[in-house]
Amino acid sequence: MKILIAYYSRTGGTEKLAQALKKEFETRGHSVDVEKVKPIKEHSFLGWWHIRMVKGDCEIYPQKIWDVSKYDAICIGSPNWTRLSLPMAKYLQKIEGLKYKKIGFFAATAAPPAFEWYILSAYLLDLTFTRIIEQKRGRIIESILLSSLFKNWGVDSEYGKRAIKNFCDKIKTPIFPLKDYFLNRKEIKNNRLLVIAFSTLLVSSLILHIVLPVFNKGFLSWAQYSYLAATFFFSILLLTTIHERKIGILLGKYIGGFSAVLLWTLTMVFAQPTLGRVMILGYILIFVLFGFFHNPKVVIFSGLFSFLGYGILFYNPSLKEILNPGLDLVLIGISCGAVASITGSLQKYHFSLLDSQEEIETAKAVLEIKVEARTRELRELTEGQEEMIKERTKELQEKINELGKFSRLAVGRELKMVTLKEEIEKLKKELEKSKGRPN
Ligand SMILES: Cc1cc2nc3c(=O)[nH]c(=O)nc-3n(C[C@H](O)[C@H](O)[C@H](O)COP(=O)(O)O)c2cc1C
């Protein structure tokens, strides 16, 4: 495979990763070209922060390679600037030939990567990178994030070596068809979004749990809160493991739905009648939120767990009095069914859109190949005609030259004859004169 590694590095972290990847690819017999992106003006950490916030753009030196279409895979490296670094964003905007290419993304970050991936920082890094690549219709195959600060998650660590090996293995794999590619990317994105949501909820619930008692509003004991915290923690752990191992990524949404229902049921059990019957609306909200994943099975799955959760609530003596199982279960059932049906229609619509997009992409690719072939044919034809015209012009020129020579010869002979005739005339006259003279 012919691979291009293009990267920007301010303090050497991304560069070290680029070199490690180059070495690994070369050991596997691939040919690797390296492009180091340089901004016209380098700045300090705070300088870049300022430019990023105010201008959001920078200029870079011209590159050796602007058209990357000759490469089988392109690996793009950038430091994590809570988004894509400005020089690499500029570089990606400028280069051509990313269409349908396999793209790998590697980045250096300060914090441990397993932590970074799941807080907003690396999520935004991935999002900004993905947006540019998808605009240019490249196909992101794999991402790798290593720490330049924590040795245990650095390039030379066991974690780093494993990640580099895995990255190079993945770059070799063939590209998915468009629909599968988008669905797979969506699952990865959803999974990460769920981890971010659960992490945010865990942190904010902890803050609330500490702050509320100060205002005499606390309603959970530490023992009760520990159940909630444990549920959050295990959900995050499961989702993170799925993401890290890339196994069973489709299960992420179901784990999310189950955890959300469990968390809400626990909150209702612990809060007791404080929240009143409004608590039932929490289940409906969960259906609606999980409906955004465009998968009716996830909504139905959450609905079934809600029935189970409601059962737990109903057998709780203090809640029994305020609950109305007939009405509540019908409400939960109907809303679950309605959300699942809307979600099903949205999923169908989404799939048909992806199918059409795939068809259009295929037709476009075929058309592009045809146009390219026809253009080449026409170019060859024009070049052939130019050659023919040159040949003919040369032949004509030779003929003109020959004619010129001939005409010069003919005219010369004519002139000579005229001179000779004049001479004969002159001699005749002299002869006449000499005959008439007396001896
Ligand atoms: C503008 C800017 C923003 C950054 N944001 C983050 C961040 O959100 N999280 C993080 O862990 N490191 C952040 N960093 C630190 C870099 O990601 C880290 O130092 C990285 O290893 C630098 O890579 P390099 O040596 O290739 O330049 C930031 C650095 C800069 C300059």
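Residues numbered from 1 in each chain as written. Predicted model: local features only at pLDDT ≥ 70, side-chain atom pairs only at ≥ 80, totals over all residues. Heavy atoms only, no water.

Quick word on the sheet that holds strand β5 (residues 139-147)
Strand pairing within a sheet occurs via backbone hydrogen bonds; the two strands may be parallel or antiparallel.
Next up, step 1: An order of β2-β1-β3-β4-β5 is seen for the five strands of this open sheet, with the pairing classed as parallel. At either end of the open sheet lies a strand with only one pairing partner, and these are β2 (31-36) and β5. Sheet twist, expressed as the mean angle between neighbouring strand axes with direction ignored, is 20°.
Next up, step 2: Of the strand pairs in this sheet, strand β4 (residues 102-109) and β5 are connected by eight bridges, and their pairing is parallel. Its bridge partner lying in β5, G104 is registered against E142. (Pairing = 2+ DSSP bridges. Helix = DSSP H or I, 4+ residues; strand = E, 2+ residues; numbered from the N terminus. Axes fitted to C-alpha atoms, helices over the stretch in contact; angles between N-to-C directions.)

Description of the packing of helix α7 (residues 178-211) against helix α9 (residues 252-271)
Next up, step 1: Look at α7 against α9: their axes get within 9 Å of each other, and the N-to-C directions meet at 25°. For the element pair α7 / α9, the angle class is roughly parallel. Considering only the axes of α7 and α9, their crossing is left-handed. On the side of α7, the interface is formed by E187, N190, N191, L194 and F198, while α9 contributes G252, K253, G256, S259, A260 and L263.
Next up, step 2: For the contact of α7 with α9, a count of residues per class yields four nonpolar, five polar and two charged. (Parallel < 35°, antiparallel > 145°, perpendicular 65-115°, else oblique. Left-handed = near helix turned anticlockwise from the far one by under 90°. Contact = heavy atoms within 4.5 Å. Nonpolar A, V, L, I, M, F, W, Y, C, P; charged D, E, K, R; others polar.)

Details of α9
Next up, step 1: When the terminal C-alpha atoms of α9 are compared, their 28 Å separation across 20 residues agrees well with the 28 Å that a helix rising 1.5 Å per residue should span.
Next up, step 2: In terms of residue burial, α9 counts as a mostly covered element, since 16 of its 20 residues are buried. (Expected span 1.5 Å × (residues − 1). Buried < 20%, exposed > 50% of the residue type's maximum accessible area, 1.4 Å probe, protein only.)

Brief notes about helix α10 (residues 279-291)
Next up, step 1: Counted at 1.5 Å a residue, the expected span for α10 with its 13 residues is 18 Å, and the 19 Å between its end C-alpha atoms agrees.
Next up, step 2: Looking only at α10, the buried set comprises M279, I280, G282, Y283, I284, I286, F287, F290 and G291.

Digging into the domain arrangement of the protein chain
Next up, step 1: With domains assigned, the protein chain is organised as domain 1 (2-175) and domain 2 (184-364).
Next up, step 2: With centres defined by C-alpha atoms, the gap from domain 1 to domain 2 works out at 34 Å.
Next up, step 3: Together domain 1 and domain 2 conceal approximately 1,400 Å² of surface at their shared face, both sides included; 49% is due to carbon and sulfur atoms.
Next up, step 4: If you look at where domain 1 meets domain 2, you find two salt bridges.
Next up, step 5: A salt bridge links D126 to R192; the shortest N-O distance between them is 2.9 Å.
Next up, step 6: Elements that contribute at least two residues to the side of domain 1 that touches domain 2 include exactly α5 (120-135), β5 and α6 (158-172).
Next up, step 7: The greatest single-element share of the side of domain 1 that touches domain 2, amounting to six residues, is contributed by α5. (Domains from an automatic or database assignment. Buried area = accessible area lost by both parts, 1.4 Å probe. Salt bridge = Lys/Arg side-chain N within 4 Å of Asp/Glu carboxyl O.)

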